[in-house]
Each structure stands twice: as C-alpha cells, then as structure tokens.
Amino acid sequence: MNTIAPAYPVQFDAGTIARLSTSGPRYTSYPTADRFTAEFRYGDFLEAQAGVKMRGPRGPLSLYVHIPFCESICYYCGCNKIVTRDRTKAAVYLSYLKQEIEMQGKLFAGLHQVDQLHFGGGTPTYLTDRQMEELMAHLRRHFAFAPDSAGEYSIEIDPRTVSPERVRTLRAQGFNRISLGVQDFDPDVQQAVNRIQPEADTLAVMQAAREAGFRSISIDLIYGLPKQTLETMRQTIAKVVAASPDRISLYNYAHMPHLFKPQRRISEDDMPASGVKLDMLALCINQLTQAGYVYIGMDHFAKPDDDLAVAQRQGRLHRNFQGYSTHADADLVALGVSAISSVGNTYSQNEKTLDAYYGQLELGRLPVARGIRLDNDDLLRRHVIQQLMCNFELAVASLEQAYPIRFDHYFAKELAQLKALEADGLVTYDGAWLAVTEKGRLLIRNICMVFDRYLGLPRPAQDSSAGQVQPLRFSRTI
C-alpha cells in the first residue's frame, strides 16, 4: 500500500515519508511553546492587552477554558491533566477559575464579541451539570457572546462518562459543537491503553448530539497504538465512516515515555512496527477520502460542507492551540491552569501546577507564568508557516506587500534548503508562488520547519536544558 489514487488531494509515498520523518513541532503557534520564557509575566500580558485596547474594537474573540481533571488515566495521554476521583478538587478549581474569568472579562470589556469558545482538558464533563451551568453563566456575565447561530461553542467529552441526557443538557447550556474521544473501537486496543469504551456508548452519544441540535460532531482517533493491526484499523475506520461524524482527527501516537509517565505502562512489545504504522496511515487516508472526507491538513479530515473545508477553500483557515480553526485574526484568551493565550503580538501561558495557579490569583494577579513577545521576524515567519499549514501555498507578492522584504533575499538560506524537498517532489517554487504538492501535504511539518529559525538553538535561560541543543521533545512529523 504505497500510493493513493492521484484524484485525491493528498498522495501517500511510503518511501519518502519513512526517509524524511523526524521529530518536529506541530506549529499550533510560532514561535513554539518551548521558546516561551519566564521573563514574560503578568505585566507583559497587561501591556499586550493595553495595545489591543488602544486599537479599539477589532474582530472576534476566542476563549479557551481548560478543565484538567479526569476520573481515570489513559496510558497514551500526554495532556496536562489531574487524575482524581476527589470531586472537591474541581469545586476549589472552579472558584479560582471564575476569579480569572472575571479579571480577564474586565480587561476585554467592550473590545470584542466572543465568537468561539472551546472547553478542553482533561475531561471538561468531569464537572457536574450544575457546575457547568454556573460556569457558563459566569462566562456570559463577563463576556459578550455572539448568538448561537453565529458562534462556535465546542466541548470535548468522554463518551464513557456522558449519557444522552447529559448531551442534551450541554446543548441547552449553549454548546453547539461536540468532540468525542474514541481513539479505537477494538476491545484489545482499548484494554492495552486503559480506555474501555463500548461502541454502543459512543454511537448513543453521537445520536443524542444530532437529536439535540449540535451543528458539528467531531471524533478523535489515534493510529500506532499498542495491539493495533491493519485489520483492526480497517474495522475502526469503517465504523467511524458509518457513524458519519462531521470532522475526524487522526493522530499519530507519539510514544515518549521519557516525557509522559503514563506511557510507561504501555508494553513496547505491543507496539506496531514503524512500517505497519505507515500502512495504517495509508489505509486510513484511503478509506476516509473514498468515503468523501476532505483532507484538511496535518491530521484533520472534514466533510466537504463542513465549516473547516469551506474555510480552507475560501482561504480563511487558521491554526491555533486547538488545531485548525475558521477564526483567523482572533485574539485568544485562555483560561485555567497551563492554558496558552495569544493576545496582540504575544503568547502567554498560565502556571502549570494548581498551587502556583492558585497562588498568583490569591495575589490578585493573572496567573501568567511565561510567554514571548513576537518581533517582526517572528511575525513574518508565523505568517509563512500559517499559510503553508492552512492553504498549502504562499503568494510571494502578497507577503511582500504585507512585510518590507524581498522574499528571495530574506529567505535565501531557506530557499536553498527547500531545494532538497523540491527534488523529492514535495514543493514547487517559481518565484511567485511557493506551493506544497499533493505528495508534500503529509510532510507539511517538515516543510514548515525550514522556516523555523529556532530549531536547534539553545533553550531559553530558565529551562533546565539551557545552553544545550534541545532534546527530543516533539512528536514525529508523521
């Protein structure tokens, strides 16, 4: 299984992928989060927000709310989470989260309308119905939201812990998009990653979401998990296609037990070989595209009439910390422990531990722990990477109108490096357009890495690895 029919917008070349796959960023931001420094603190965020305020009302606002709690551990997971059955911890967390919401709401009052809201985790539905109701009401007291018909309000759920009744309640609370963690339908794979999730439960939640009027249903899958085979993957994808979600995220399992302790419980002997993983990817792409799904980029697929696919066709697709988004040029305010905001020309991340997060709020400060202010070179390179990640092409004239550079001179070193990728058939460059080929789309991270001036440089001074070339902290590019 080495190629996919050229009629599809992505072409699979196993040999090239195997040869070029390496560790690299996913570019949910540029510069990437490993470049944030502790020198950027609360005052720097306030300065960035003041700059936004001086420019007056502008565009929509995006909110991200992080709920870190889970009832049980999934061995593959690399998210910032707290596994506990002690529900009092969530109550304490919410009291501080509401304080942060109130502080941010005052800063952005009258500046923006919230057009996008995303609850992530952890498991957001760890909260009770009443806790979620109160949290949503608190958000609406401190931020102005677009009407349901115009806004995108999404939540990640765990079908193992959410009943059809809870799904209907979530819709009534204001959510209109829902994302389900599935990963794999095979019982042996579920056992190997400690996530037993009967297919019937997942399908019941999806049916309830449709009946409740959710506008979009998304499913998360992972390939490369222990116990997975080509046949189990084929069966899982067939079941997903039959369930007909609007969007599908197909992630490559990144096995990094040196970074994520739960992954140490996964037996290396159960892991599929690298060649088998590539065959799984080819199989999944083939089945999904034959079923009519559009390859958006990275690991995302969508139905042709889904907002993501429409935004890509219209050149409006954007990429942020939640992945691909239809809301370009929106300031992102992230709320909760470890959450990352993008305001003005800055990125900022909240404290990563509950104690530090609570401590800053008790002092009356936003819990900003680190961040970065983008200089002109960062902004330029971010624009290039965004265009390539979202649209698979870059118009040189448009870039030169937006920035005072001559592309061929400014990126002479990068264009020389692209020659090798061009020889592999991954990109084309004619002086006017830099375009990613159908063969290159699956290796888009490799292509964008050419424009990343931070790769291979020492880490910021506060990092434990300061002064050293960064170790393996990124997942494989494919």
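Let me sum up the structure you'll find in this document. (Residues numbered from 1 in each chain as written. Predicted model: local features only at pLDDT ≥ 70, side-chain atom pairs only at ≥ 80, totals over all residues. Heavy atoms only, no water.)

## Some details on the overall build of the chain
1) Next: Along its length, the chain carries 16 helices and 19 strands.
2) Next: Against the globule reference of 23 Å for 478 residues, the chain gives a C-alpha radius of gyration of 22 Å, in line with a compact fold.
3) Next: With respect to the principal axes defined by its C-alpha atoms, the chain has extents near 55 × 55 × 45 Å.
4) Next: In the chain, the proportion of contacts linking residues at least 24 apart, taken out of those at least 6 apart, comes to 73%.
5) Next: For the chain, the computed accessible surface area is about 19500 Å², with 50% contributed by carbon and sulfur atoms. (Helix = DSSP H or I, 4+ residues; strand = E, 2+ residues; numbered from the N terminus. Rg over C-alpha atoms; globule rule 2.2 N^0.38 Å. Contact = heavy atoms within 4.5 Å. Areas by Shrake-Rupley, 256 points an atom, 1.4 Å probe, with all protein chains shown as cover.)

## A look at the packing of helix α8 (residues 230-243) against helix α9 (residues 274-290)
1) Next: As a packed pair, α8 and α9 sit with axes 10 Å apart at the nearest point and diverge in direction by 25 degrees. On the basis of their axis angle, the class for α8 and α9 is roughly parallel. Crossing of α8 against α9: the hand is right-handed. For the pair α8 and α9, the contacting residues are Leu230, Met233, Arg234, Ile237, Ala238 and Val241 in the first and Val276, Asp279, Met280, Leu283, Cys284, Gln287 and Leu288 in the second. (Axes fitted to C-alpha atoms, helices over the stretch in contact; angles between N-to-C directions. Parallel < 35°, antiparallel > 145°, perpendicular 65-115°, else oblique. Left-handed = near helix turned anticlockwise from the far one by under 90°.)

## A word on the pattern of salt bridges
1) Next: Taken as a whole and judged by the stated rule, the model has 29 salt bridges.
2) Next: Close ionic contact of Asp34 with Arg35 constitutes a salt bridge, the shortest N to O distance being 3.6 Å.
3) Next: Of the residues examined, Asp34 reaches a relative accessible area of 12% and is grouped as buried.
4) Next: Take Arg35: its relative accessible area is 6%, and that puts it in the buried class.
5) Next: In this structure, the salt-bridge partner of Arg373 is Glu47, at a minimum N-O distance of 3.8 Å. Here Arg373 is found in strand β16 (residues 368-373), whereas its partner Glu47 is found in helix α2 (residues 42-54), with 326 residues between them in sequence.
6) Next: Of the residues examined, Arg373 reaches a relative accessible area of 39% and is grouped as partly exposed. (Salt bridge = Lys/Arg side-chain N within 4 Å of Asp/Glu carboxyl O. Buried < 20%, exposed > 50% of the residue type's maximum accessible area, 1.4 Å probe, protein only.)

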